[in-house]
Amino acid sequence: WIPLASLVQGFGGLTNERSNIAYLESRAAVDLIEAQAPGAIARWLAHCADGMPWEKALESVTGWDLAQLERELILEVRSRFPEDPLAASR
């Protein structure tokens, strides 16, 4: 997992594999935001274009700060992929 706060800086400097993970995490975050509030990404971008800081705009359209978004995203991803039943025996 790559912390969302580090993805804000962009994908530069990441290895090819990590940049793929970063892209997938970013895409999952967008999907989660849209699922939470349809049209939220467009509203978020509009707020940013109007000069609102992106963090405040995120909270305005979703009710989540970045840490809450990350927690929700982790829960969403984990809910889609069951735990490996053999992992505990390793």
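Everything numeric here is computed off the predicted structure, so don't read it as measured data.

Conventions we followed
Every chain begins its residue count from 1, and numbering advances along the sequence as written. Since the coordinates come from a predicted model, pLDDT governs what is reported: local features require at least 70, and pairs of side-chain atoms require 80 or more to be given and counted, while whole-chain, interface and lining totals use all residues. Only hydrogens and water are set aside; all other atoms, that is, all heavy atoms of the structure, feed into the side-chain values. Axis definition: a line fit to C-alpha positions, over the contact stretch in the case of helices; interaxial angles, taken between N-to-C directions, run 0 to 180 degrees. A run of H or I in DSSP counts as a helix once it spans at least four residues, and a run of E counts as a strand once it spans at least two, with each numbered from the N terminus. An angle below 35 degrees is read as roughly parallel, one above 145 as roughly antiparallel, one from 65 to 115 as roughly perpendicular, and any other as oblique. Residues count as neighbours in contact if any of their non-hydrogen atoms are within 4.5 Å of one another. Residues are sorted three ways: Asp, Glu, Lys and Arg are charged, Ala, Val, Leu, Ile, Met, Phe, Trp, Tyr, Cys and Pro are nonpolar, and all the rest, Gly among them, are polar. Left-handed describes a crossing in which the near helix is turned anticlockwise from the far one by less than a right angle; the clockwise case is right-handed. Just to be clear on terms, a salt bridge is a Lys or Arg side-chain nitrogen sitting within 4 Å of an Asp or Glu carboxyl oxygen. In this scheme, a residue with accessible area under 20% of its type's maximum is buried, one over 50% is exposed, and one in between is partly exposed, where area comes from a 1.4 Å probe on protein chains only. In these notes, a set of buried Ala, Val, Leu, Ile, Met, Phe, Trp, Tyr and Cys residues joined through side-chain atoms within 4.5 Å is what counts as a nonpolar core. Think of it as the arc spanned by the lines of direction from the helix axis to the C-beta atoms.

Below, the discussion takes up the packing of helix α2 (residues 16-36) against helix α5 (residues 66-80). Between α2 and α5, the least distance of the axes is 10 Å, while the angle of their chain directions is 100°. In terms of orientation, α2 and α5 fall into the roughly perpendicular class. Contacts from E25, A28, A29, L32 and I33 in α2 reach L69, E72, L73 and E76 in α5. Split by residue class, the contact of α2 with α5 holds 6 nonpolar, no polar and 3 charged.

Once that is clear, we can look at the packing of helix α3 (residues 40-49) against helix α4 (residues 54-62). Two elements in contact, α3 and α4, have axes whose closest approach is 9 Å; the angle formed by their N-to-C orientations is 145°. The chirality of how α3 crosses α4 is right-handed. Residues A40, R43, W44, H47 and C48 of α3 lie in contact with α4, whose contacting residues are W54, A57, L58, S60 and V61. Residues belonging to the contact of α3 with α4 are distributed by class as follows: 7 nonpolar, 2 polar and 1 charged.

Moving on to the environment of R43. Summarising the element assignment, R43 is placed in helix α3. The spatial distance from the C-alpha of R43 to the C-alpha of G63 is 13 Å, given a sequence separation of 20 residues. Not counting residues within four places of it along the chain, the set of residues in contact with R43 comprises A37, P38 and V61.

Another point: the pattern of salt bridges. Under the criterion given, the structure shown has 2 salt bridges. Note that D31 is salt-bridged to R27, the shortest N-O span being 2.6 Å. Here D31 pairs with R27, and both are found in helix α2, just 4 residues apart, close to one helical turn. Using a relative accessible area of 40% as the deciding quantity, one classes D31 as partly exposed. Residue R27 is classed as partly exposed on the basis of its relative accessible area of 39%. With a closest N to O distance of 2.7 Å, R80 and E76 form a salt bridge. Of this pair, R80 and E76 are both found in helix α5, 4 residues apart, which corresponds to roughly one turn of the helix.

Our next topic: the nonpolar core. Counting 17 residues, the largest nonpolar core has I33, W44 and L69 as the members making the most contacts within it. Counting residues per element, the ones that place at least two in this core are α1 (4-7), α2, α3, α4 and α5. In terms of residues, this core owes the most to one element, α2, which gives 4 residues. Sequence-distant contacts of W44, defined by excluding residues within four places in its chain, comprise W54, A57, L58 and V61.

This part covers α4. For α4, the set of buried residues is A57, L58, V61 and T62. Buried residues along α4 cover an arc of 105° about the axis, so they all sit on one side. Considering only its buried residues, α4 is in contact with α2, α3 and α5.

Note that all results are geometric; they support no functional claim without further evidence.
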